[in-house]
Amino acid sequence: MAENKIIKILREAQMLAMSRYGIKNILQPGIIKEMIMAEILGHELITEKGSADAMDKDGTYEYLASIRRVGLKSNLGCSFQMDRMTKANLERVTRNNAFYFGIFKSHLEIEEIWKVEIRIVLHEVKRQIENSKNKISHVNFLLKWLEARGKRVFISK
């Protein structure tokens, strides 16, 4: 039986990801974008789900990624989301030294990376949780918010 070429390449990529980064599942949502961001930023990727996304000698970092929407009549730009946020799990924000927001051109091509201080992210997370009618909230960060409060630390050539 002939093996599908895509599956063969994915198996090879999985073996490489496991040996180089300890990634047990390259199909885990977000892990490839996190790997791209960590390499650019010089951070060590953290592959365990539920942990921060990366670290260096100064501490840990959270990464959020979005693909820039272009060619649309409405909803241009991009938005970033933290799922299942509550008042009880704010340590998902406070355990980090900073947040990095990656804007991607496509699923595998990064365009920009922005850095936002924890106190700024925490303020916005608390604001959205307090204004939500739900006990569990999906917190959104729009491109306009990011550009007003963040610092661009990388732009592709």
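Since the model is a prediction, treat every value here as computed from it, not as a measurement.

**Details of helix α2 (residues 31-41)**
Part 1 of the reasoning: Where α2 is concerned, the buried positions are I31, K33, E34, M35, I36, M37 and A38.
Part 2 of the reasoning: The elements touched by buried residues of α2 are α1 (5-21), β1 (44-45), β3 (59-67), β5 (98-104) and β6 (110-117).
Part 3 of the reasoning: Of the residues one or two after α2, G42 is the one with positive phi, at around 75°.

**Considering the packing of aromatic side chains**
Part 1 of the reasoning: Under the criterion given, the structure shown has seven aromatic pairs.
Part 2 of the reasoning: When the centroid spacing of 6.2 Å and the interplanar angle of 35° are considered together, the rings of F99 and F101 count as tilted.
Part 3 of the reasoning: Since its relative accessible area comes to 0%, F99 is described here as buried.
Part 4 of the reasoning: Chaining the aromatic ring pairs together yields one cluster made of F80, F99, F101, F141 and W145.
Part 5 of the reasoning: When the ring centre of F104 is taken as reference, the NZ or CZ atom of K33 above it lies at 5.5 Å.

**Some words on the side chain of Q128**
Part 1 of the reasoning: Relative to the helices and strands, Q128 is located in helix α4 (residues 118-131).
Part 2 of the reasoning: Taking relative accessible area as the criterion, Q128 reaches 16% and is therefore assigned buried.
Part 3 of the reasoning: Once you skip the residues sitting within four places of it in the chain, Q128 turns out to touch H138, V139 and N140.

**Re α4**
Part 1 of the reasoning: End to end, α4 covers 20 Å across 14 residues, agreeing with the expected 20 Å (1.5 Å per residue, within 8%).
Part 2 of the reasoning: Taken together, the buried positions of α4 are occupied by I118, I120, V121, L122, E124, V125, Q128 and I129.
Part 3 of the reasoning: Of the surrounding elements, those touching the buried residues of α4 are β4 (79-85), α3 (91-94), β5, β6, β7 (137-142) and α5 (143-149).

**Details of the nonpolar core**
Part 1 of the reasoning: Within the largest apolar cluster, 23 residues are counted, with the highest numbers of intra-cluster contacts made by M82, V93, F101, V125, F141 and L146.
Part 2 of the reasoning: Broken down by secondary-structure element, the contributors of at least two residues to this core are β4, β5, β6, α4, β7 and α5.
Part 3 of the reasoning: At six residues, the largest contribution of residues to this core is made by α4.
Part 4 of the reasoning: Not counting residues up to four positions away in its chain, the partners in contact with F101 are M37, L64, F80, E112, I113, W114, V116, F141, W145 and L146.
Part 5 of the reasoning: In terms of nonpolar packing, the next biggest core, distinct from the first, is built from 17 residues, I23, I26, I31 and F104 among them.

**With respect to the side chain of T60**
Part 1 of the reasoning: Looking at the secondary structure, you find T60 in strand β3.
Part 2 of the reasoning: Side-chain polar atoms of T60 contact the backbone oxygen of R95, separated by 2.9 Å.
Part 3 of the reasoning: Among residues more than four places away in sequence, those in contact with T60 are I46, A52, A54, M55, R95, N96, N97 and A98.

**Describing the environment of A38**
Part 1 of the reasoning: For A38, the position within the fold is in helix α2.
Part 2 of the reasoning: Classification of A38 as buried rests on a relative accessible area of 3%.
Part 3 of the reasoning: Sequence separation of A38 and D56 is 18 residues, and the distance between their C-alpha atoms is 9.8 Å.
Part 4 of the reasoning: Residues within four places of A38 in sequence aside, it is in contact with H43, L45 and Y63.

**Some remarks on the sheet that holds β5**
Part 1 of the reasoning: The strand order β1-β2-β3-β5-β6-β8 describes an open sheet built from six strands, whose pairing is mixed. Every other strand in the sheet has two partners, leaving β1 and β8 (151-155) as the edge strands with one partner each.

**Notes on the pairing of β3**
Part 1 of the reasoning: Across the nine residues that make up β3, a large majority, seven, are buried.
Part 2 of the reasoning: Bridge count for strand β2 (residues 54-56) against β3 is three bridges, and the pairing is antiparallel. Paired with M55 across the bridge in β3 is T60.
Part 3 of the reasoning: Taking the residues that link successive antiparallel strands as the turn, the β2-β3 hairpin has two residues.

Basis of the calculations
- Residues numbered from 1 in each chain as written.
- Predicted model: local features only at pLDDT ≥ 70, side-chain atom pairs only at ≥ 80, totals over all residues.
- Heavy atoms only, no water.
- Buried < 20%, exposed > 50% of the residue type's maximum accessible area, 1.4 Å probe, protein only.
- Helix = DSSP H or I, 4+ residues; strand = E, 2+ residues; numbered from the N terminus.
- Contact = heavy atoms within 4.5 Å.
- Phe/Tyr/Trp six-rings, centres within 6.5 Å; stacked < 30°, edge-to-face > 60°.
- Lys NZ or Arg CZ within 6 Å of the ring centre and 35° of its normal.
- Expected span 1.5 Å × (residues − 1).
- Core = buried A, V, L, I, M, F, W, Y, C linked by side-chain atoms within 4.5 Å.
- Polar contact = N/O pair within 3.5 Å; in protein donor to acceptor, adjacent residues only side chain to side chain.
- Pairing = 2+ DSSP bridges.

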